[in-house]
Amino acid sequence: MAHLERPSYWPDPAPDTSVKPAAGGKVPSIRSLTSASNGRTRGKVRVVCSGRKGKESMRRVTNSIRNARKRGYKIRPSQPTIKLTKKQVRDYTRINKKLRKKCRYKSVQKAVNASGNNDRVVIMPGVYTEPESRRGRTNDPKCNPSMIQKDASGSPTPSYRYQVECPNDQNLIYVQGRALAGPPPAAPRSNRQGIPGQELGRCVRCNLQIEGSGPKPTDVILDAGKGYAAGQQMRSPSAKPSGWAKHVVLRVDRGDGFVGRNFLTRGGLEFGFYTEETDGILLDRTKFYWSADYGHLSFTTDHHILQNCDAFGAGDAALYPGAAPETGSQATKFYPDAPRPNTVVRLCDMRGSQLGYSGSMGNAVRITNNHIYGNGGGIASDTLSAAGHPGFPADSSQIDNNYIYSNNLNLYKPNPPVKPLVTTPVGTGIIYAGMNDARVHDNWIFDNWRDGVMLLAVPDALVNGGGAEGDVFPGVSCPTAPGLSTSCGNRFYNNKMGQVPPGFKFPREVDQFDTPRSRQSQKRMPNGNDFWWDEFSGNTKNCWFGNTGPDGTQASVTGPGQAGRVAAMPPALLPSCSGGSSPGSSLGLGDVAKTQYLVDCSNGPDKDTDPLACDWWSSPPKPGSAAASRRHSQYATAAAGFARSAQGRRLTKRIAALKE
Amino acid sequence: MNARRTLIAGLALACLAAPGCGGDSGEDEKAAGTGAADTREATAVGPRVAGSVVQYADCGDWREGTRQEREATVDELRDQLTAQSERDTSSPLPDDRAYRILNKTCSQDYASSLRLYKLFAKAQGFAPLGE
């Protein structure tokens, strides 16, 4: 949840017609691998290979083709095995033989450096550790401190110029999309719509495509890790590094029109893939393993699709689209085609991480048709971490048609398989910590042992020390409650809670880190509680309708007033808003016990065992167990008494003061 | 800034004088060993990358720091974790409270990898509601 970055701007969403074809303005399309080998493609093709005259790459690709024909492979663990046809075997073999003859590079970075607009970099199978990049100095005195860009509060951040002049200080492979121009504004502009013209150079590597040439994404490994077990680095794509040589494996900076395809990034101290201030970017058939913070991170980036991907091993989130443009309910004329999603994550597996997905200020991001499993938490989108993240408050998230299950991985223990960097509730499917106008629908959400979906408000005074990053645009969705910009106008409908989808089988990888889960044979896999809502006083237009619980009926959905949690407190049921037709009928009346619980959680882990103390840091008991019933009962009793206690009364006063 | 740092130094001294204040005795010994409670003399914990420790400092670094180094860390966290459009970097989370929260969290046996800035941001977020 959240990271730190230079003062960042959303790129102009219009296409840049100074290059042909124009860059940005839409998601770029893929140029086929065949066209790279036969010369029928725009731009120059540069081929990277490993071994003398590409011998190692050919050995690898031959083995991979044979393996993919005989045994098959998976792009995503949750999906069926793919086997190459005889024609595909012939095609891959022919193409790679041609590419080998064209190979002039051993280093991906060098091939990128030699490329210009519309060019392509094709990487033949191999593990690319980029020794020369690794030798690049960190905190290079050539750039540090002279190219450090101070933000208005005086905090230092590496500027765009820093990245361009010292590309391998932080990055294993750096793609500079635009030329350097003048310096950034002395202080960040409050309007973050458009990169300031004074610092925006011409396209130098727009419409670049980087791709692997093997049949599998794991055939090409871009590797910033180090300290692997003997032999594992070269042999096993999922090998775990014990150290990191660079912060970012592949960074695409202002690289409008970028396509990345068919490779694996591994072992970044921060991120596997990182893009910032980019308009138009497609990632397809990509994998992100073992980067300490995030597998993928896109920031202030528009027209972005991330598809057919697989990610695990992140201490924060497997995938993270953050500070996404205001193309939702706060859109201005800057986005004439709004509302529209600016980022779509589809057909991906997000697994084996503290969070499967995260995004502070994840405006208008659509998450659809994914499998999200075996994490500490499934999806988290928040408004709390506003520092450096323009786009307050987060809005218009859409989560639909996903399988979100068994997110019960507890990494808060000695020697965890993935080192957690952030504190989030273990056992939760979706968390919205400050969100407006979201749509969560038609998902299968099951076997998350704490909560299926959490919605909580983040009053403005609680954001970022009291200030949004950059301008706040029109369309804030809690207009009747001063000081409260979230969480209003959210809809949760037609989700199947605690039910097992027909024909569902757990992917083997759900057990990669021994995540607690239900047995395959169970016909129902309930969540600990389906919908948790903080009922924050003044929150309006939040509606839950058409959802069904473990027995297939709406009556079996659990939420406030259910699951034994707060038996006597309103609302007894989640507001349905008459099936969504009268959202104005939903109003949060406040639940001071829940707020106290959140306050305690915000203060991080401790050893308190009070029933109202935060319990996010341990595995929840299995739903339906005696331990689960006991916990709910203890909580309900404590919550009922809390509002009348002196502490409860003081908290009620502080909540009221927030909205004055 | 100077006034705030003076206040921090004062709080640190007051805390040092109180039994049990600010964590275990080991850290107090560390602090006492340095012979100074002025954060201007101390460097924040964690690796400094591109001019800041904020991105990478974690609980493991916190544990290894002296009291003064930890206070310098809180100072740097607060500076960076406020809006970049704000000149005033004051926080609703008082420094001494931030110190206590980080100290408590980082004392958990599983906490060494937790990033301090993520902990600080969350604690700062709900600070106006806490006691």
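From a predicted model like this one, the values you see are computed outputs, not experimental measurements.

Rules and cut-offs
Residues numbered from 1 in each chain as written. Chains lettered and ligands numbered in written order. Predicted model: local features only at pLDDT ≥ 70, side-chain atom pairs only at ≥ 80, totals over all residues. Heavy atoms only, no water. Helix = DSSP H or I, 4+ residues; strand = E, 2+ residues; numbered from the N terminus. Buried < 20%, exposed > 50% of the residue type's maximum accessible area, 1.4 Å probe, protein only. Contact = heavy atoms within 4.5 Å. Areas by Shrake-Rupley, 256 points an atom, 1.4 Å probe, with all protein chains shown as cover. 1 Å grid on protein atoms, 1.4 Å probe; cavity = no way out; pocket = protein on both sides within 12 Å on 5 of 7 lines; lining within 4 Å. Points joined across faces, edges and corners; volume = space filled by probe spheres on them. Nonpolar A, V, L, I, M, F, W, Y, C, P; charged D, E, K, R; others polar. pLDDT = per-residue confidence, 0-100. Axes fitted to C-alpha atoms, helices over the stretch in contact; angles between N-to-C directions. Parallel < 35°, antiparallel > 145°, perpendicular 65-115°, else oblique. Left-handed = near helix turned anticlockwise from the far one by under 90°. Buried area = accessible area lost by both parts, 1.4 Å probe. Salt bridge = Lys/Arg side-chain N within 4 Å of Asp/Glu carboxyl O. Polar contact = N/O pair within 3.5 Å; in protein donor to acceptor, adjacent residues only side chain to side chain. Pairing = 2+ DSSP bridges. Disulfide = S-S within 2.5 Å.

### Some points on the overall build of chain B
So, point 1. If you tally the helices and strands in chain B, you get six helices and zero strands.
So, point 2. In chain B, the order of α-helices and β-strands from amino to carboxyl end is α-α-α-α-α-α.
So, point 3. Counting only residues that meet the buried cut, chain B has 59% of its 131 residues in that class.
So, point 4. If you take every contact in chain B between residues at least 6 apart in sequence, the share linking residues at least 24 apart comes to 75%.
So, point 5. For chain B, the computed accessible surface area is about 5,000 Å², with 52% contributed by carbon and sulfur atoms.

### A word on the layout of surface pockets
So, point 1. As a volume, the largest pocket reaches approximately 1,000 Å³.
So, point 2. Split into classes, the residues belonging to the lining of the largest pocket amount to 14 nonpolar, 11 polar and 13 charged.
So, point 3. As for the second largest pocket, its lining consists of 26 residues, of which A:W244, A:L269, A:A292, A:K419 and B:R115 are closest to the centre.
So, point 4. A breakdown of the residues in the lining of the second largest pocket according to their chemical character gives 13 nonpolar, eight polar and five charged.

### Thoughts on the confidence of the model for chain B
All names here are of chain B.
So, point 1. Per-residue confidence for chain B gives a mean pLDDT of 70, with 62% of residues at or over 70.
So, point 2. Confidence, read as mean pLDDT per element, is least for helix α1 (residues 2-17) in chain B (32) and greatest for helix α3 (residues 59-64) (96).
So, point 3. Note that pLDDT drops below 50 for residues 1-39; the model gives that stretch 55 contacts with residues more than four away or on any other chain.

### A short note on the packing of helix α10 (residues 592-602) of chain A against helix α6 (residues 116-126) of chain B
So, point 1. For the pair α10(A) and α6(B), interaxial distance at closest approach is 8 Å and the crossing angle is 150 degrees. The orientation of α10(A) relative to α6(B) falls into the category roughly antiparallel. As for the relative orientation of α10(A) and α6(B), their crossing is left-handed in sense. Note on element contacts: α6(B) touches α10(A) through B:K122, B:A123 and B:F126, opposite A:L598, A:V599 and A:S602.

### Remarks on the interface of chain A and chain B
So, point 1. Taken residue by residue, the interface counts 64 residues in chain A and 40 residues in chain B.
So, point 2. Between chain A and chain B, roughly 4,600 Å² of surface is buried when both sides are summed, and carbon and sulfur atoms account for 55% of that area.
So, point 3. Across the contact surface, chain A and chain B share four salt bridges.
So, point 4. Across the salt bridge formed by A:D606 and B:K104, the nearest N and O atoms sit 3.3 Å from each other.
So, point 5. Inspection of the region where chain A meets chain B yields 17 residue pairs in polar contact (both at pLDDT 80 or more).
So, point 6. Where the side of chain A that touches chain B is concerned, the elements lending two or more residues are β6 (156-158), α10 and α12 (646-658) of chain A.
So, point 7. The element that contributes the greatest number of residues to the side of chain A that touches chain B is α12(A), accounting for six residues.
So, point 8. Split by residue class, the side of chain A that touches chain B holds 31 nonpolar, 19 polar and 14 charged.

### Re the pattern of salt bridges
So, point 1. Taken as a whole, this structure holds 40 salt bridges over all chains when the rule is applied.
So, point 2. The partner of A:R46 in a salt bridge is A:D119, and the shortest N-O contact between them spans 2.9 Å. Residue A:R46 is found in strand β1 (residues 45-48), and its partner A:D119 is found in the loop between α4 (108-114) and β3 (120-123); the two are separated by 73 residues along the sequence.
So, point 3. On the basis of relative accessible area, A:D119 is assigned to the buried category, the value being 9%.
So, point 4. B:R78 is paired through a salt bridge with B:D75; the nearest N and O atoms lie 2.5 Å apart. Of this pair, B:R78 and B:D75 both sit in helix α4 (residues 67-80), three residues apart, which is roughly one turn of the helix.

### So, the pairing of strand β15 (residues 279-289) of chain A
Note on strand geometry: in a regular strand, side chains alternate between the two faces of the sheet.
All names here are of chain A.
So, point 1. In terms of burial, β15 is a largely internal element, 11 of the 11 residues being buried.
So, point 2. Summarising the sheet, strand β13 (residues 258-266) and β15 pair through eight bridges and their orientation is parallel. Its bridge partner lying in β15, R261 is registered against D284.
So, point 3. Bridging between β15 and strand β17 (residues 302-312) involves eight bridges; their strand directions are parallel. The partner of I281 across the bridge, within β17, is H304.

### With respect to the confidence of the model for chain A
So, point 1. With 95% of its residues at a pLDDT of 70 or more, chain A has an overall mean of 92.
So, point 2. Contacts for the low-pLDDT stretch residues 563-568 of chain A, under 50 throughout, to residues beyond four places or in other chains number 22 contacts.

### Thoughts on the sheet that holds strand β12 (residues 248-253) of chain A
Residue and element names in this part refer to chain A.
So, point 1. Within the open sheet, the 10 strands sit side by side as β7-β12-β14-β16-β18-β20-β23-β26-β29-β32. Their pairing is parallel. Single-partner strands in this sheet number two, and they are β7 (171-176) and β32 (531-533). The sheet shows a mean angle of 10 degrees between the axes of neighbouring strands, taken without regard to direction.
So, point 2. The sheet contact formed by β7 and β12 spans five bridges and is parallel. When the bridges of β12 are listed, Y174 appears paired with R251.

### So, the state of the cysteines
All names here are of chain A.
So, point 1. Here the structure, examined in full by the defined rule, presents eight disulfides over all chains.
So, point 2. For C143, the disulfide goes to C166, at an S-S distance of 1.9 Å. On the sign convention where negative means left-handed, the S-S torsion of about 95 degrees between C143 and C166 marks this disulfide as right-handed. Taken together, the residues C143 in the loop between α5 (131-135) and β5 (148-150) and C166 in the loop between α6 (160-165) and α7 (167-170) connect sequence positions 23 residues apart. Of the two residues, C143 and C166, neither departs from the other in class, the shared state being buried.
So, point 3. Between C601 and C614 runs a disulfide, and the two sulfur atoms are separated by 2.1 Å.

### Quick look at unusual backbone geometry
Residues and elements named next belong to chain A.
So, point 1. Here K20 and P21 are connected by a cis peptide whose omega angle stands at -5 degrees.
So, point 2. Here P21 shows up in the segment before α1 (33-38).
So, point 3. Cis geometry is adopted by the peptide bond preceding P393, which originates at F392 and carries an omega value of -15 degrees.
So, point 4. Among the secondary structure elements, P393 is positioned in the loop between β23 (377-382) and β24 (398-400).
So, point 5. One non-glycine residue, S396, adopts positive backbone phi at about 65 degrees.
So, point 6. Tracing the sequence through the fold places S396 in the loop between β23 and β24.
So, point 7. Judged by its relative accessible area of 17%, S396 is buried.

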